[in-house]
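# Examination of the molecular architecture
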Amino acid sequence: MSRLKVVFWKEFADYFSSRRFLILFIIICITGSSITYIASQIIGQDITKASVGFIFLKLFTSSAGALPSFTFFISFFGPLIGIILGFDAINSEHSRGTMSLVLSQPIFRDSLINGKFLAGLATVAIMLISIILVISGLGLSTLGIVPNLAEILRIGIFFVASVIYIGFWLSLGILFSILFRRTASSALASIAVWIFFTFFIYMVASVIADQLVPVTHTATAEMITKNEYLKKMIMRISPATLFEEIAVAVLNPSVRVFGFVLPAQVKGLIPNPLSLGQSIMVIWPQFVGLIALMVICFAISYVIFMRQEIRAT
Amino acid sequence: MEWIVETDKLSKAYNGIKAVDQLNFKIKESEIFGFLGPNGAGKTTTILMILGLTEPTSGKVKVYGHDATREALKVKRVTGYLPENVGFYEDLTAKENLRYITRLNGIPDKKSLPKIDEILEEVGLSEVTDTEVGKFSKGMKQRLGMGAVFVKNPKFAILDEPTAGIDPEGVDQILKFIVKISREQNITILLSSHLLYQVQKICDRVGIITKGHMIAQGSMDEIGKEIIKKEETLLEIQVSKVTPNLINSIKEIEGVKNIEKSDNHFLVKCDRDLREKISKTIVENGSLPLQIKTQDYTLEEIYIKYFREG
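Since we're looking at a predicted model, the values are computed, not measured. (Residues numbered from 1 in each chain as written. Chains lettered and ligands numbered in written order. Predicted model: local features only at pLDDT ≥ 70, side-chain atom pairs only at ≥ 80, totals over all residues. Heavy atoms only, no water.)

With that out of the way, let us pick up the overall build of chain A. The helix and strand inventory of chain A stands at 13 helices and zero strands. Seen in sequence order, chain A has helices and strands lined up from the N terminus as α-α-α-α-α-α-α-α-α-α-α-α-α. Burial analysis of chain A (313 residues in total) assigns 50% to the buried set. Of all intrachain contacts in chain A linking residues separated by at least 6 positions in sequence, the fraction that spans at least 24 positions is 81%. (Helix = DSSP H or I, 4+ residues; strand = E, 2+ residues; numbered from the N terminus. Buried < 20%, exposed > 50% of the residue type's maximum accessible area, 1.4 Å probe, protein only. Contact = heavy atoms within 4.5 Å.)

With that settled, consider the interface of chain B and chain A. Note: interface size is frequently given as the accessible area lost on complex formation between the parts. In this complex, chain B contributes 30 residues to the contact, which on the side of chain A involves 23 residues. Summing the contributions of chain B and of chain A, the shared interface buries around 2500 Å²; its carbon and sulfur component is 62%. Of all residues in chain B, Y89(B), Y100(B) and L104(B) bury the most surface against chain A, accounting for 27% of the area lost on that side. At the junction of chain B and chain A, the tally comes to zero salt bridges. (Buried area = accessible area lost by both parts, 1.4 Å probe. Salt bridge = Lys/Arg side-chain N within 4 Å of Asp/Glu carboxyl O.)

Let's shift gears to helix 7 (residues 109–143) of chain A. Residues and elements named next belong to chain A. An ideal rise of 1.5 Å per residue puts 51 Å on 35 residues; helix 7 measures up with 51 Å between its terminal C-alpha atoms. Of all 35 residues in helix 7, 25 are buried, a share of seventy percent or more. Looking at the residues trailing helix 7, positive phi occurs at G144, about 70°. (Expected span 1.5 Å × (residues − 1).)

Right, let's talk about a negative patch on the surface for a bit. Residue and element names in this part refer to chain B. On the surface, D91, E96, D130 and E132 cluster together into a negatively charged patch. Of note, D91 is situated in the loop between strand 7 (79–82) and helix 3 (94–104). Relative accessible area serves as the criterion here: at 51%, D91 is assigned to the exposed category. (Patch = residues over 30% accessible without salt bridge, like charges linked within 9 Å, V, L, I, M, F, W, Y side chains within 5 Å. Areas by Shrake-Rupley, 256 points an atom, 1.4 Å probe, with all protein chains shown as cover. Lys, Arg positive; Asp, Glu negative; His and termini not counted. Charge placed at Lys NZ, Arg CZ, Asp CG, Glu CD.)

Residues and elements named next belong to chain A. Evaluation of the coordinates by the stated rule reveals 19 salt bridges over all chains. Among the salt bridges present, the one from K232 reaches E245, with a minimum N-O distance of 3.6 Å. In this pair, K232 sits in helix 10 (residues 221–235) while E245 sits in helix 11 (residues 239–251), placing the two residues 13 residues apart along the sequence. For K232, a relative accessible area of 24% gives the class partly exposed. One salt-bridge network, held together by shared partners, links K10, E11, D14, E93, R96 and K116.

For chain B, the assigned domains read domain 1 (3–226) and domain 2 (231–309). Each of domain 1 of chain B and domain 2 of chain B was reduced to a C-alpha centroid, and the two centroids are 45 Å apart. (Domains from an automatic or database assignment.)

Here we come to the packing of aromatic side chains. Taken as a whole and assessed by the stated rule, the structure comprises 28 aromatic pairs over all chains. Between F158(A) and F243(A), the aromatic rings sit 6.0 Å apart at their centres with planes inclined by 35°, giving tilted as the arrangement. Within this pair, whereas F158(A) is found in helix 8 (residues 149–179), its partner F243(A) is found in helix 11, the two being separated by 85 residues in sequence. According to the relative accessible area criterion, F158(A) is buried, its value standing at 1%. Judged by centre distance (4.4 Å) and plane angle (5°), the ring pair of Y165(A) and F243(A) falls under stacked. Highlighted residues: Y165(A) in helix 8 and F243(A) in helix 11, separated in sequence by 78 residues. There is no split in this pair, since Y165(A) and F243(A) are both buried. Chaining the aromatic ring pairs together yields one cluster made of F60(A), F70(A), F73(A), F77(A), F158(A), Y165(A) and F243(A). The ring centre of Y89(B) lies 3.4 Å from the NZ or CZ of K10(A), which sits over that ring. Taking NZ or CZ as reference, K10(A) lies 5.3 Å from the ring centre of Y100(B), over its face. (Phe/Tyr/Trp six-rings, centres within 6.5 Å; stacked < 30°, edge-to-face > 60°. Lys NZ or Arg CZ within 6 Å of the ring centre and 35° of its normal.)

Take the sheet that holds strand 9 (residues 188–193) of chain B next. All names here are of chain B. Pairing within the open sheet is mixed, and its six strands lie in the order 7-8-9-4-10-11. Since the sheet does not close on itself, it has two edges, and those belong to strand 7 and strand 11 (213–218), each with one partner. Strand-to-strand twist across the sheet, computed as the mean angle between neighbouring axes with direction ignored, equals 15°. This element, helix 5 (residues 138–150), spans strand 7, strand 8 (156–160) and strand 9 of the sheet and lies at about 165° to strand 7. (Pairing = 2+ DSSP bridges. Axes fitted to C-alpha atoms, helices over the stretch in contact; angles between N-to-C directions.)

This brings us to unusual backbone geometry. Residue and element names in this part refer to chain B. Backbone geometry at Q22 places phi at a positive 50°, although glycine is not the residue there. Of note in this structure, N186 is not a glycine but carries a positive phi near 60°. Tracing the chain through its elements places N186 in the loop between helix 6 (168–185) and strand 9. Relative accessible area serves as the criterion here: at 47%, N186 is assigned to the partly exposed category.

Moving on to the packing of helix 4 (residues 70–86) of chain A against helix 8 of chain A. All names here are of chain A. Running from N to C, helix 4 and helix 8 point in directions that differ by 35°, and their axes come no closer than 7 Å. Of the two elements, helix 4 crosses helix 8, and the hand of that crossing is right-handed. Each of F70, T71, I74, S75, G78, P79, I81, G82, I83, L85 and G86 in helix 4 lies in contact with helix 8, whose residues at this interface are F158, S162, Y165, I166, W169, L170, G173, I174 and S177. Looking at the contact of helix 4 with helix 8 residue by residue, the class counts come to 12 nonpolar, eight polar and no charged. (Left-handed = near helix turned anticlockwise from the far one by under 90°. Nonpolar A, V, L, I, M, F, W, Y, C, P; charged D, E, K, R; others polar.)

Okay, the packing of helix 4 of chain A against helix 11 of chain A next. Residue and element names in this part refer to chain A. Between helix 4 and helix 11, the shortest axis-to-axis distance is 10 Å and the interhelical angle comes to 160°. With respect to helix 11, the axis of helix 4 lies roughly antiparallel. Handedness of the crossing formed by helix 4 with helix 11: right-handed. Mapping the contact onto sequence places T71, I74 and S75 in helix 4 and F243, E244, A247 and L251 in helix 11. Residue composition of the contact of helix 4 with helix 11, by class: four nonpolar, two polar and one charged. (Parallel < 35°, antiparallel > 145°, perpendicular 65-115°, else oblique.)

In summary, the side chains of a regular strand alternate between the two faces of the sheet. Residue and element names in this part refer to chain B. Here strand 10 (residues 205–210) pairs with strand 11 via five bridges, running antiparallel. Residue pairing across strands places I209 opposite M214, the latter belonging to strand 11. Connecting strand 10 to the antiparallel partner strand 11 that follows it, the hairpin turn spans two residues, and K211 within it adopts a positive phi of roughly 45°.

Right, let's talk about the environment of T218(A) for a bit. With respect to the helices and strands, the residue T218(A) is situated in the loop between helix 9 (183–212) and helix 10. Of the polar contacts made by the side chain of T218(A), one reaches the side chain of T216(A); its length is 3.0 Å. (Polar contact = N/O pair within 3.5 Å; in protein donor to acceptor, adjacent residues only side chain to side chain.)

Residues and elements named next belong to chain B. Looking at the secondary structure, you find S219 in the loop between strand 11 and helix 8 (220–230). Take S219: its relative accessible area is 18%, and that puts it in the buried class. Those residues within four positions of S219 in sequence are excluded, and the remaining contacts are D204 and R205.

All names here are of chain B. Of note, I237 is situated in strand 12 (residues 233–239). In this structure I237 comes out as buried when scored by relative accessible area, which is 1%. A C-alpha to C-alpha distance of 55 Å links I237 and F150, two positions 87 residues apart in sequence. Leaving out residues up to four positions away in the same chain, I237 has contacts with N264, H265, F266, V268, I278, I282, Q291 and I292.

Below, the structure written as structure tokens:
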């Protein structure tokens, strides 16, 4: 355990002193705060019209014109943070020649990979906490509204989900850094997966869904629903979809179903915001799925790393 | 006498190709053991197995009585290892790099910091302790590598090609340092190298390995004798004149394997030193030996010879 700590603190210090972390952090802070600033301006105008609950959360979810919302920004940009922190975790140790030096010290081999992963997660967590605090501060000063307890808790859940989501990409980066000996290859492979899950999964899902349940102009409502449902399920393979659904439901208390809603389902529905517990129930499957993806990806890296031969060259 | 390292039919195959095959050798306490062989002979693989970083396909290796595969941690606690082409974290300073090593060894900073200064002084890096390793030359990195091995106070040190790619003066410094620290602190050393000449003078015993086999083991003298015993002697003979029957008579001497003639020079291969008999034969054939000399095998030749055989 103590050796794990040594690796953890060393990697943690490395991340924080590295240039790439600094660049990422600056980009995220600037983008995040400018997005929220503009969002807060728009929210500020809306408040006067009709005061709805949970205004503070809108800081994170409203998109302002051409600018995307903060949650979208994280779902889109978060993977890049994880990949950039993880893509050279193991193979850079090989290419620097430090791998055998470190592993010849009295440590278990898994201390190295665990330490690196945890240090990456901690870095991500600190990055996100600071940007969320910046946004909240900005919101406090421009809107003049104090978040209530429920809002703080919801932001907390969103934070945890974001860390896990980026943690998945971190572990994917680490996995590729184990599989590929060259850092360039692992970076490209990680980015390819990211592009697939973020951009192409929608097309793939549509194609498969249309093949299985063709929607023609004579299609019944049942078939259209089935098609939509299928598409949604396929898209949920992508951690980005899972994360977006979590973010939407947890930051927008009125959301109770995802995707297609039939009129019959809304009949008699009172458009009240859900309680926190109810929102958690809505996102629970997605949350578990996201955790599972991260854990599985890390477990695969762990197993491969433990079995990998260590050759100096 | 205590054996620090004992291997028992140690073998390792990568995808069916044997890198190390039934290797048996022992290392004594506080000796410098030279582990010699050409590139790709299986030296590094063997070393990785000694450290428990690679699992043997079959066979066993014991270090201080601990099975290296099962009790790797116990082995690594007492063993310092300098990998071939050692690398360091380039954006950390020399001191920070060593401190990371001592921390990984669970040595508290209070104890390790004076030791780090001391060892950096000893390897001649006291002026660059706070310089980032990225700015170091190859020789400096190698010396820092030596520091990393000995900063943890090992009982046993494995140095894989410590002199590769270093200029002659640097090699000399490194070898002197190895001898000094080994004698002063009674540290057993396994020194792997493909440059026999460089390391043989500081080794108490050597083991020569080619293609995964240990083909000779012992002190340099023993190995030299062994090879001379086994090998044929080459005699270069000059005679005053070549009489018709001379060549046939020499060929008939027991032990002569081959004879080559050019003018009045002969090159005779025989399985032992037959100078007496041959000169007698020459005289009996009515000629006179003007010059007979044996062609000795130099160490280099022994080495090359061995490598070819394996």
